[in-house]
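# Structural description and commentary
Residue-level listing of the chains:
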Amino acid sequence: VIKRYFLEYNEAVSNDFVLTGAGRQVSMLKTDIEDWRITFVDTGLNSNIGQRLKAVEKHLSGEHMFLANYTDGLTDLRLPDMIDRFKHSDAVGSFLAVRPSASFHVVQHEQSGRVQSIGHVGDSGLRINGGYFVFRRTIFEYLQPGDDLVEAPFHRLIAEGKLLAYPYDGFWACMDTFKERQLLEDLYSSGTAPWMVWNGKETGSR
């Protein structure tokens, strides 16, 4: 489906154009695909994140750093800020650390079960992996066959002090459930989608 989308991509749908010659000639007033260079790699139907990353290693020859993401999250994060902080560190990997957006409550209790506190998970101070990453190519030295990304490799980086979190309190949302999809589609339909930073919208907190 993804391959077909790009193979059949029609930039006239998303850009202004002039139609002449009784509809036979289209002159684009703006183009968005001239500088595209996309490598499509089948990383396996049942592969975990680490294996998928390993599968594209050969396509990153000559790249000192690269970006990766889970693709099921949306944010108004300024990527250049995250990249710049990473560049000035000695870390091998960095990930976006965000406050959880779920409507759960965190409970603290004594061994007897007596509740000491209860509060929204977003106010707990906890942060979760937001699924946006910056890596140095040496990340592949920490990936062993069959490893998932966040399990053994990240723990190896933590042991060496080579993993960096990038805390962010601006807009971030994932789309793991039908309800989350509806909420994001409603934002898009209303014209107030915070993640559409390419339209010149200001980003949130940094």
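Residues numbered from 1 in each chain as written. Predicted model: local features only at pLDDT ≥ 70, side-chain atom pairs only at ≥ 80, totals over all residues. Heavy atoms only, no water.

## Quick word on the overall build of the protein chain
- When you go through the protein chain residue by residue, the secondary structure sums to five helices and 10 strands.
- For 206 residues, the compact-globule formula gives about 17 Å, and the C-alpha radius of gyration of the protein chain, at 21 Å, lies well above that figure.
- C-alpha atoms of the protein chain, sized along the principal axes, occupy 80 × 40 × 35 Å.
- Counting over 206 residues, the protein chain shows a buried share of 27%.
- Long-range pairs, those at least 24 residues apart, make up 62% of the contacts in the protein chain between residues at least 6 apart in sequence.
- Total accessible area computed for the protein chain in this model is approximately 14,100 Å², and 52% of it derives from carbon and sulfur atoms.
- Both charge centroids of the protein chain, one from 22 positive and one from 27 negative side chains, sit 2 Å from each other. (Helix = DSSP H or I, 4+ residues; strand = E, 2+ residues; numbered from the N terminus. Rg over C-alpha atoms; globule rule 2.2 N^0.38 Å. Buried < 20%, exposed > 50% of the residue type's maximum accessible area, 1.4 Å probe, protein only. Contact = heavy atoms within 4.5 Å. Areas by Shrake-Rupley, 256 points an atom, 1.4 Å probe, with all protein chains shown as cover. Lys, Arg positive; Asp, Glu negative; His and termini not counted. Charge placed at Lys NZ, Arg CZ, Asp CG, Glu CD.)

## With respect to unusual backbone geometry
- Phi at Thr 71 is positive, roughly 70 degrees, even though this residue is not glycine.
- Its place among the elements puts Thr 71 in the loop between β3 (65-69) and β4 (73-75).

## Concerning the pattern of salt bridges
- Applying the stated rule across the entire model yields seven salt bridges.
- In this structure, the salt-bridge partner of Asp 169 is Arg 99, at a minimum N-O distance of 3.1 Å. Residue Asp 169 is found in the loop between β9 (163-168) and β10 (172-174), and its partner Arg 99 is found in the loop between β5 (93-98) and β6 (105-109); the two are separated by 70 residues along the sequence.
- Overall, Asp 169 belongs to the partly exposed group, its relative accessible area being 42%.
- Arg 181 is the salt-bridge partner of Glu 185, the closest N and O atoms lying 3.0 Å from each other. One end of the pair, Glu 185, and the other, Arg 181, are both in helix α5 (residues 178-190), four residues apart, so they sit about a helical turn from each other.
- A single salt-bridge network, built from bridges that share partners, covers Arg 99, Arg 127 and Asp 169. (Salt bridge = Lys/Arg side-chain N within 4 Å of Asp/Glu carboxyl O.)

## Some remarks on the pairing of strand β7 (residues 115-120)
- Looking at chain direction, β6 and β7 are connected through five bridges and run antiparallel. Each residue of the ladder has a partner; that of His 105, found in β7, is His 120.
- The hairpin turn running from β6 into β7, its antiparallel successor, is five residues long, and Gly 113 in that turn takes a positive phi close to 100 degrees. (Pairing = 2+ DSSP bridges.)

## Here we look at the sheet that holds β3
- Taken together, the four strands give an open sheet; going across it, the order is β3-β8-β5-β9, and neighbouring strands pair in mixed fashion. Every other strand in the sheet has two partners, leaving β3 and β9 as the edge strands with one partner each. Across the sheet, the axes of successive neighbouring strands diverge by a mean angle of 25 degrees, strand direction being ignored.
- Here six bridges tie β5 to β9, and the two strands are oriented parallel to one another. When the sheet's bridge partners are listed, Val 98 is paired in β9 with Tyr 168.
- Packed onto the sheet, helix α4 (residues 152-159) meets β5, β8 (128-136) and β9 and runs at close to 100 degrees relative to β9. (Axes fitted to C-alpha atoms, helices over the stretch in contact; angles between N-to-C directions.)

## Points about the side chain of Glu 11
- Mapped onto the secondary structure, Glu 11 falls in the loop between α1 (2-7) and β1 (17-20).
- Within the buried core, Glu 11 has no salt-bridge partner, and the shortest N-O distance to an opposite charge, that of Lys 30, equals 9.8 Å.
- Glu 11 has contacts with Met 28, Thr 31, Asp 32 and Ile 33, leaving out every residue within four places of it along the chain.

## Here we look at the pairing of β1
- Relative to strand β2 (residues 25-28), β1 runs antiparallel, the two being bridged by four bridges. Paired with Phe 17 across the two strands is Met 28, which belongs to β2.
- Between the end of β1 and the start of β2, which pair antiparallel, lie four residues, with Gly 21 showing a positive phi angle near 60 degrees.

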